[in-house]
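Chain by chain, the residues:
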Amino acid sequence: MDAEREAVGVVGVGWVGLVTATCFAELGHPIVALDVNEEKVESLRRGEVTIHEPGLAELLEKNSERITFTTSMGEVLAATRILFCCVDTPPTYSGDADLSRVRSVVAQIPEGSEHALVMKSTVPSGTGASIRRDKPDLRYVSCPEFLKEGSAIEDFMHPDRVVVGVDEGSEEAADAVERLYQPLGGEMVRTDVASAEMIKLASNAFLATKISFINEIANVCEQTGADVIEVARGMGLDERIGASFLRAGIGYGGSCFPKDVSALKQLAGNSGYHFQLLNAVIEVNELQKRRVIAKLEKHLGSLADKRIALLGLAFKPDTDDMREASSLVLSARLQGEGAEVVAYDPVAEESAASMLPDVEMASSATAALEGADAAVLVTEWPEFSELDWAMVRESMASPVLIDGRNYLDSDALRAAGFVYDGIGRPDPPDGT
Ligand SMILES: NC(=O)c1ccc[n+]([C@@H]2O[C@H](COP(=O)([O-])OP(=O)(O)OC[C@H]3O[C@@H](n4cnc5c(N)ncnc54)[C@H](O)[C@@H]3O)[C@@H](O)[C@H]2O)c1
């Protein structure tokens, strides 16, 4: 197979699929990309990108000649021999991963076909083995995806590592995957399918653990007068620890960490092992989202009828993804306390509106803050650091600011007359 021109099939064009399709097209491959969502396929055919991901629309436009969007699996199978499965694997009520979409893709690959299926969807360890038990002839490769929303193209094009999991009988397919990724650099980790699947879950669980760990340190800092930013800086310079994922805040969210941590916990439980550490990671994260309420009450007393402005709704900046965003729990808790919630997000308003029907959506940060009794910075969008905070202070009913991501300049805000409260930061000596 000539990796230079090998046609690539992509099944499921959400965040992972659309980035995979676009980036492989950029590397020169003809792409046939399938989704069951006809509306999405129609939009993509018109060149309209359905998600907010920096640089994606431009790269897609540049490579539009090489990408065909379709709803027909027949078209994908006819044009390609290698299919990347990028469908969603959301959590079920039990916390396990829902593999029904993956199973439906597998079922559409004919018995005895020469197609190789490359699993990019995040699946529990053991999924590949179970798929091959049902379809022993299927050429199957596990190639988990590690991209981050907000920098997905950069991550795809410059991977730290590419994990290629393969079991006996699919080696040629794994070689083809390696050839596709070879121009991108990044260490190639060739391993068995079960280990590849576990690398993905364990990586996300570890990162989530790091976040919950620093959040607990932040909570202890609040009791002892230490500053978590200083603590994280001092810890992160230790090469054994590393500086990333040591930013205290109001908890992790998004489509991956919550579901993957839960899937790993359930996978362990289903195999008879009680994964105690992950229980704590999950619980700390849930409590962290709620700690803002106590902070607001400390400054305002009862929150009944108080107007609280949320700055940012998306689970992180540079995305409009609202899946498991901390803002969802926070706004529900605020409303539960009787507060009136107004919110602004530069790009997530549309995706948030249906999930937060009782939240008033403002057209700008200043509009959200006008008349508010307090503001909570939920997502660290750069535009929030550029606000004219002195002017904002004048427009608020009371100048209370809870910085849920330790993103803003606490000294400047205090100098502008704000009561500033971050996460794991000490109160100033004069108690303002
Ligand atoms: N989003 C991320 O940052 C990220 C990062 C790494 C890994 N992952 C994993 O990648 C997988 C996909 O995640 P995502 O965020 O891209 O999901 P997504 O929900 O954004 O996209 C999934 C797409 O698959 C389509 N689909 C569902 N069933 C289908 C079927 N039978 N045939 C064709 N298309 C179908 C859906 O319509 C949707 O467009 C998940 O397993 C996720 O855990 C996601």
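Structure shown above.
Okay, so let's go over this structure. (Residues numbered from 1 in each chain as written. Predicted model: local features only at pLDDT ≥ 70, side-chain atom pairs only at ≥ 80, totals over all residues. Heavy atoms only, no water.)

Quick look at the pattern of salt bridges
Two side chains bearing opposite charge may form a pair once their charged atoms approach each other closely.
Alright, step 1. Within this structure, the stated rule accounts for 27 salt bridges.
Alright, step 2. One salt bridge in this structure joins D238 and R240, with 2.7 Å as the shortest N-O distance.
Alright, step 3. Residues participating in the shared-partner salt-bridge network are E222, R291, K295, K298 and D421. (Salt bridge = Lys/Arg side-chain N within 4 Å of Asp/Glu carboxyl O.)

Considerations on the nonpolar core
Alright, step 1. Within the largest apolar cluster, 42 residues are counted, with the highest numbers of intra-cluster contacts made by I31, F69, I82, F84 and Y181.
Alright, step 2. For this core, the leading source of residues is helix α1 (residues 15-26), giving seven residues.
Alright, step 3. Every residue in contact with I31, bar those within four places of it in the chain, is listed here: V8, V10, A21, F24, A25, R66, I67 and T68.
Alright, step 4. F315, A339, A343 and I402 belong to the second largest nonpolar core, which has 37 residues in total. (Core = buried A, V, L, I, M, F, W, Y, C linked by side-chain atoms within 4.5 Å. Buried < 20%, exposed > 50% of the residue type's maximum accessible area, 1.4 Å probe, protein only. Helix = DSSP H or I, 4+ residues; strand = E, 2+ residues; numbered from the N terminus. Contact = heavy atoms within 4.5 Å.)

Comments concerning the packing of helix α9 (residues 193-224) against helix α12 (residues 276-300)
Alright, step 1. At a minimum axis separation of 9 Å, α9 and α12 run at an interaxial angle of 45°. If you check the angle between α9 and α12, you find them oblique. Relative to α12, α9 is oriented so that their crossing is left-handed. Taken together, the residues of α12 that come into contact with α9 (itself represented by A205, A208, T209, S212, N215, E216, N219 and E222) are L277, L278, V281, V284, N285, Q288, R291 and K295.
Alright, step 2. Counted by class, the contact of α9 with α12 contains six nonpolar, six polar and four charged residues. (Axes fitted to C-alpha atoms, helices over the stretch in contact; angles between N-to-C directions. Parallel < 35°, antiparallel > 145°, perpendicular 65-115°, else oblique. Left-handed = near helix turned anticlockwise from the far one by under 90°. Nonpolar A, V, L, I, M, F, W, Y, C, P; charged D, E, K, R; others polar.)

With respect to the sheet that holds strand β12 (residues 374-377)
Alright, step 1. With parallel pairing, the six strands of this open sheet are ordered in space as β11-β10-β9-β12-β13-β14. Two strands close off the open sheet at either side, each with one partner strand: β11 (360-361) and β14 (419-421).
Alright, step 2. Bridge analysis of strand β9 (residues 307-311) against strand β10 (residues 340-344) gives five bridges, and the strand direction is parallel. Its bridge partner lying in β10, R307 is registered against E340.
Alright, step 3. Strands β9, β10 and β12 of the sheet are contacted by helix α13 (residues 326-336), whose axis makes an angle of about 180° with β9. (Pairing = 2+ DSSP bridges.)

Thoughts on the side chain of D155
Alright, step 1. One can find D155 in helix α7 (residues 152-157).
Alright, step 2. By relative accessible area, which is 14% here, D155 ends up buried.
Alright, step 3. Excluding anything up to four places from it in sequence, D155 contacts L147 and K148.

Regarding the sheet that holds strand β1 (residues 8-11)
Alright, step 1. Taken together, the eight strands give an open sheet; going across it, the order is β3-β2-β1-β4-β5-β6-β7-β8, and neighbouring strands pair in mixed fashion. Sheet topology places β3 (67-70) and β8 (187-191) at the edges, where each strand pairs with a single neighbour. Between one strand axis and the next, the sheet turns through 25° on average, direction left out of account.
Alright, step 2. Where strand β4 (residues 82-85) and strand β5 (residues 116-119) come together, four bridges link them in parallel fashion. By the bridge assignment for β5, C85 is matched with M119.
Alright, step 3. In this fold α9 packs onto β6 (139-142), β7 (161-166) and β8, with an angle of close to 140° to the strand it touches most, β7.

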